[in-house]
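Analysis of the macromolecular model
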Amino acid sequence: MSQHLDQGIARVLGLRFCITAFLALCLGIGSVASENDFSISIAPPNPAYVKWVSEHTESAPRKAKRLLGTSDTVASGVNLVKYAVQGGLMPTKTDFSYLTNGTRRLLVRGGNDLPNKYDPRGSYTTPVRHQDPNNQGLGTCWAQATVGSMESWLKKHDIDVQFSVRNMVNHSGRFVPKKVEDWKQSAWSGANFEVSSAYLLRWNGPVLEAEDPYVDVQTGLVRLNFTSPTLPAWGHLQRTCIIPVRKSATDNDTLKRAIVEFGGLWVSMLLCECNEETKNLIWNESHPGAFYYPKPDNPCHAVTVVGWDDNYPKENFGDTSKVGYAKPAGNGAFIVKDSYGNDRGRDNGYIYVSYYDALLSTVESSYVVTGYEDWSNTRRIFQHDPFGYCGPININSAEILALNVFKATEDTVVDSVGFFSDDVGCHYEVAICKGYQGTDFLSGYLEDTMTGGELESAGYMKITLPHSVTITKGESFAVVVDIESKAGNLVTFAVEYPYADFVPAAASAGESYIALNGAWTDLVTKMPNFNFCIKAYGYVENKQ
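Model, not experiment: these values are computed from the prediction. Within any chain, residue numbers begin from 1 and follow the written order of that chain's sequence. Residue-level local features of this predicted model are given only where pLDDT is at least 70; pairs of side-chain atoms are given and counted only at 80 or more, and the full residue set underlies all totals for whole chains, interfaces and linings. The side-chain figures draw on all heavy atoms in the structure; neither hydrogens nor water molecules are used.

1. Examining unusual backbone geometry
- The omega torsion across Gly205 and Pro206 is 10 degrees, close enough to zero to call that bond cis.
- Relative to the helices and strands, Pro206 is located in the loop between α8 (193-201) and β3 (235-243).
- Phi is positive for Asn348, which is not a glycine, with a value near 55 degrees.
- By definition, any uninterrupted DSSP run of H or I lasting at least four residues is a helix, any uninterrupted run of E lasting at least two residues is a strand, and each is numbered from the N terminus. Its place among the elements puts Asn348 in the loop between β7 (333-337) and β8 (350-354).
- In this scheme, a residue with accessible area under 20% of its type's maximum is buried, one over 50% is exposed, and one in between is partly exposed, where area comes from a 1.4 Å probe on protein chains only. Judged by relative accessible area, Asn348 falls into the exposed class, the value being 62%.

Written out as structure tokens, the structure reads:
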């Protein structure tokens, strides 16, 4: 909206313009598109995600037919057998490949000052873990990689902790079977960074490893069940950043700068154990940890990339004693913290993945969590999207104005808000409204709470308001978010919505509203069980 929100609301409050006139001004009705053009649409789920869900929810007879090659209902493209074997990477529900087609802004800045080698092992990393020490086929790499990223960022800020992977898995929000033997229908078999970030952003975690350990210290067995304690989060996540995929073997600077700025990154790849045909052809046992997969395929594993070595010899890759071995075209490798202990020739739990690897951060976007505030029993969160980002909606416009309504259950001082966006390069503005009647939200607009800026990366961001506002017990308030493309491109807004058994989201009337065709429209009247990914944060005073 740029100047629209400030100037438009000043007119509403000062000159008593009606809300329809204000919204016409904000949305450009009559100048950008006709009224009938403003209809809501949702981006379709990532096709790879749809297939993965089908694989993990299909009936046994249908699965048997498919595996035998006799099923006529399976679409071509992704080989889902890989996802069900080992690794544990579920494709993201949103296809973020479009990020490579637009601007590649990040939080990091700088010139050509990257070193040839960056190896923070021992300084900014925590001990390597084993996601499947009992060889059960557990697929918790998605959580292991998230925890690795969190712990690395904190170590860069002189905080040395280890977080519970088990707690993240069990509180992931994904479908939980009634029987432990059906664990393959749960997050123990796989998920992604959308799932782990939702767990963190709704304040389920993180919790310390000592509070909910992965392995029983007496038996040495993974504590494989679906019951984890509900504990106060160790801290509260402030921001996530989604990093575009690599376009080529030399397109590495974005990942490198993110590593230097934030620490370890959540990155996808194909683990050799995921593919029975190639698992013995990729490792070079003469050089522990050297890993290179040369073929286009589908990633099945998440890891934490912590560093790189531009001069790592290409000769180290590929074992000439094995049929079908291959060597990359040039030198260079990322230093990767894996989650399989020291199995299969790893270098004390680390692997060196060639820059020329066909799947490391080339199909699925990378991800990093950054910024924490200390836990406090005085902090409060307001939210309608516990399952987090599920996809974007648009209204065929270069601007979207959305809000969430919350009700305080105790006197609370609201000091910050947060939302998810994938509109990199767009301008945003946020503000608080209170004291309004019905849906005349803007009559309660608090000008001194308004702030804004540019969206530098896709992901979730928490924004501190320039002035806090006290909400009394029982009082409702609204968080208004406006996103505008200065270039006139269509913009989207992040929503939570249900999908099969994997996202059991629900929404009620009066929670989320969108400015549509000159009026505030309750989102559920257009899209049942949809909510905007907008949160509010605050604190209660004199809490003992």
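Anyway, onward from the coordinates.
2. Looking at the side chain of Ser339
- When you line up the elements, Ser339 lands in the loop between β7 and β8.
- Accessibility expressed as a relative area gives 5% for Ser339, which makes it buried.
- Pairs of N or O atoms are called polar contacts if they sit within 3.5 Å, as long as, within protein, a hydrogen donor faces a hydrogen acceptor (for residues adjacent in sequence, only side-chain-to-side-chain pairs). For Ser339, the side chain forms a polar contact with the side chain of Gln131, separated by 2.6 Å.
- We call two residues in contact when some of their heavy atoms are within 4.5 Å. Apart from the residues within four sequence positions on either side, Ser339 is in contact with Arg129, His130, Gln131, Cys141, Gln144 and His301.

3. Description of the environment of Phe96
- Summarising the element assignment, Phe96 is placed in the loop between α5 (81-85) and β2 (117-118).
- The buried category is assigned to Phe96, whose relative accessible area is 4%.
- Note: C-alpha distance between Phe96 and Ser366 (270 residues apart in sequence) is 9.8 Å.
- Aside from chain neighbours lying at most four places away, what touches Phe96 is Phe193, Glu194, Ile242, Ser365 and Tyr389.

4. A short note on helix α6 (residues 141-155)
- One fewer than the residue count of a helix, multiplied by 1.5 Å, yields its expected span. For α6, spanning 15 residues, the distance from its first C-alpha to its last is 21 Å, which sits close to the expected 21 Å at 1.5 Å a residue.
- Of all 15 residues that make up α6, 15 are buried, and the element is covered over most of its length.

5. Remarks on helix α9 (residues 253-262)
- Counted residue by residue, α9 has 7 buried out of 10 residues, so it is predominantly covered.
- The set of residues buried in α9 consists of Thr254, Leu255, Lys256, Arg257, Ala258, Ile259 and Phe262.
- Where α9 terminates, the next one or two residues include Gly263, which has phi positive at roughly 105 degrees.

6. Brief notes about the sheet that holds strand β1 (residues 41-42)
- Two strands pair if DSSP finds at least two bridges between them. The sheet built from 4 strands is open, its strands ordered β1-β11-β18-β21 with antiparallel pairing. Whereas interior strands pair on both sides, the edge strands pair on one side only; in this sheet they are β1 and β21 (531-532).
- Strand direction decides the pairing type here: β1 and strand β11 (residues 391-394), joined by 2 bridges, are antiparallel. Across the sheet, residue Ser41 finds its bridge partner in β11, namely Asn394.

7. A closer look at the layout of surface pockets
- Grid spacing is 1 Å over the protein atoms alone, the probe is 1.4 Å, and a cavity is where that probe fits but cannot get out, while a pocket is an open set with protein on both sides within 12 Å along at least five of seven lines and lining residues have an atom within 4 Å of a point. Grid points are joined across faces, edges and corners, and a volume is the space filled by probe spheres set on the points. In this structure, the second largest pocket encloses a volume near 200 Å³.
- Contributing to the lining of the second largest pocket are 12 residues, with Val424, Cys426, Ser485, Asn489 and Leu490 lying nearest its centre.
- Three classes are used, and their members are as follows: Ala, Val, Leu, Ile, Met, Phe, Trp, Tyr, Cys and Pro are nonpolar, Asp, Glu, Lys and Arg are charged, and the others, Gly among them, are polar. Grouping the amino acids of the lining of the second largest pocket by side-chain chemistry returns 5 nonpolar, 4 polar and 3 charged.

8. Looking at the packing of aromatic side chains
- Classification of ring pairs rests on two measures: the distance between centres of Phe, Tyr or Trp rings, Trp counted by its six-membered ring, which must be within 6.5 Å, and the angle between planes, read as stacked under 30 degrees, edge-to-face over 60 and tilted in between. Across all of its chains, the model carries 27 aromatic pairs by this definition.
- Measuring from centroid to centroid gives 5.0 Å for Phe334 and Tyr355, while their planes differ by 65 degrees, and the two rings are edge-to-face. Placement of the pair is Phe334 in strand β7 and Tyr355 in the loop between β8 and β9 (366-374), with a sequence separation of 21 residues. A single burial state applies to Phe334 and to Tyr355, both of which are buried.
- Put simply, the rings of Phe96, Phe193, Trp266, Tyr367, Tyr389 and Phe420 touch in pairs and so form one group of aromatic residues.
- Placement of a positive charge over a ring is assigned whenever Lys NZ or Arg CZ falls within 6 Å of the ring centre and within 35 degrees of the normal to the ring plane. Stacked on the ring of Tyr124, the Lys or Arg Lys156 has its end atom at 4.3 Å from the ring centre.

9. Remarks on the sheet that holds strand β14 (residues 427-434)
- With antiparallel pairing, 6 strands are arranged side by side in an open sheet as β15-β14-β17-β12-β19-β20. Of all strands in the sheet, those bounded by a partner on one side alone are β15 (445-454) and β20 (519-522). Adjacent strand axes in the sheet meet at a mean angle of 25 degrees, parallel and antiparallel pairs treated alike.
- Examined bridge by bridge, β14 and β15 share 6 bridges and lie antiparallel to one another. Looking at β15, one finds that Cys433 is bridged to Tyr445. Convention adopted: a line fitted to C-alpha atoms gives each axis, helices being fitted over their contacting stretch, and angles between N-to-C directions are expressed from 0 to 180 degrees.

10. A few points about the nonpolar core
- To define a nonpolar core, start from buried Ala, Val, Leu, Ile, Met, Phe, Trp, Tyr and Cys residues and group those joined through side-chain atoms within 4.5 Å. Among the nonpolar cores identified, the biggest contains 119 residues, and Ile393 and Phe419 are the most heavily contacted of them.
- With 8 residues, the top contributor of residues to this core is α6.
- Among residues more than four places away in sequence, those in contact with Phe419 are Tyr428, Val430, Leu455, Gly459, Tyr460, Met461, Ile463, Val481, Ile483, Cys533 and Ile534.
- Counting residues in hydrophobic clusters, the runner-up holds 14 residues, among them Leu401, Ala478, Val480 and Trp520.

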